[in-house]
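Each chain, written out:
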Amino acid sequence: MTNLRKLTLAGAATALLLGATACGTQASGKTDAAAVGAQVPAAAGSGAADPYANGDGAAAPAGAASGALVVRTDPKLGQVVTDSAGFTLYRFDKDTAKPASTSACSGDCAKTWPPAPAQGVAAGAVPAAALGSLKRQDGSEQITIAGWPVYRFAKDTAPGQTNGQGVGGTWFAVTPEGKKAGAAAPQQAEPAALPALSAADDKTLGKILRDAKGRTLYRFTKDTAWPMKSNCEGACGEKWKPAQPVDAKAVEGVDPKLLSTYTRSDGTKQLAIDCWPLYWFTGDQNPGDTAGQGVGGTWFTVTPEGKLVK
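Rules and cut-offs
- Residue positions within a chain follow its written sequence, with the count starting from 1.
- Given that the model is predicted, a residue must reach a pLDDT of at least 70 before its local features are reported, and side-chain atom pairs must reach 80 or more before they are shown or counted; all residues, however, enter totals for whole chains, interfaces and linings.
- Side-chain numbers here rest on the full set of heavy atoms in the structure, without hydrogens or water.
- Whether two strands pair comes down to DSSP finding at least two bridges between them.
- Only runs of H or I of at least four residues qualify as helices and only runs of E of at least two qualify as strands under DSSP, and these elements are numbered from the N terminus.
- Any pair of cysteine sulfurs within 2.5 Å is marked as a disulfide.
- Remark: exposure states derive from per-residue accessible area (1.4 Å probe, protein chains only) relative to the maximum for the residue type, with buried under 20%, exposed over 50%, and partly exposed in between.
- Each axis is a line fitted through C-alpha atoms, and for a helix only the stretch in contact is used; angles between axes span 0 to 180 degrees, taken between their N-to-C directions.

**Here's the deal with the pairing of strand β2 (residues 78-82)**
Relative to β2, strand β1 (residues 70-74) runs antiparallel, the two sharing five bridges. Following the sheet pairing, arginine 72 is matched in β2 by valine 80. Remark: three residues form the turn of the hairpin made by β1 and β2, two consecutive strands paired antiparallel.

Okay, here's the thing in structure tokens:
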């Protein structure tokens, strides 16, 4: 009896201990969340609604989030727009921005290029006037920038990636102004270098001499050709600048044999044609101006032969 009683008491004690272990956290109706979290994985689909999920069946890229849009500078593409999670947003050439925003990406396309949801999104670093939205066929709202619907790319698996740039020749990261990021600006042809001295057509005066900067050249009637002498010194020389000598090979429309160099009183060199010193006028503000023509009845533009134009 004694042994049996001991066994019975021992079993009861064990059962009591197990019961206390299993039910000890339930006495107050609360659960030890830390303990449960450490042992039980969260059930799939138990989180908040996926902002990228839509009727097209598009899956949310990792880290999808609503919030303010961000503008970052990519080393190769320049300024690009990202969502608040840092994922690059793209535009599609087959969409339209005007006269109305339309999306040509649905079904399988929208699985690869999930439309960026407009719900809960603020302009952030994007100009507020550029931010808009488009109602898709499934009723969801998609972000537009300057009218262009924008998307994430499923193969961008980390913030800052731009794997969608140029895909199919139709997908491009979007700028804050809604333009294609990285699109090369049209190259403007460099203006052709002017000859050091040329005969240019003036609609009023005919063919007259101009220098490499397009400045009109003049003669002074108080100078002399034989002997060659300039009578424009001091204050005159500040207003009427001596033309610089040129290489005879760098002239156009002028006989190089007519050109010579005059040594001024201060030792500087001045271009002359047919032994007449040449000048440009500080009153000419732009290339091709002829404001010096006829000034004081002594200054005139010059023909390719070195004659005065009157």
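**Things to note about the state of the cysteines**
Overall, the coordinates contain two disulfides when judged by the stated rule. Paired by a disulfide, cysteine 105 and cysteine 109 hold their sulfur atoms 1.9 Å apart. Taking the torsion about the S-S bond as the criterion, the cysteine 105 to cysteine 109 disulfide, at about -110°, is left-handed. Among the residues examined, cysteine 105 registers a relative accessible area of 1% and is labelled buried. The disulfide bridge from cysteine 232 ends at cysteine 236, spanning 1.9 Å between sulfur atoms. Taking the torsion about the S-S bond as the criterion, the cysteine 232 to cysteine 236 disulfide, at about -105°, is left-handed. Here cysteine 232 falls in the buried class, since its relative accessible area comes to 0%. When its relative accessible area of 22% is taken as the criterion, cysteine 236 is described as partly exposed. Bonded cysteines in the protein are paired 1-2, 3-4 when counted in the order they occur along the chain.

**Points about the sheet that holds strand β18 (residues 279-281)**
Here we have four strands laid out as an open sheet, ordered β13-β18-β10-β19, and antiparallel in their pairing. Only two strands of the sheet have a single partner each, and these edge strands are β13 (240-242) and β19 (299-301). Each strand of the sheet is rotated relative to its neighbour by a mean of 45°, with strand direction disregarded. The pairing of β13 with β18 spans three bridges and is antiparallel. Within β18, the position partnered with tryptophan 240 by the bridge is phenylalanine 281.

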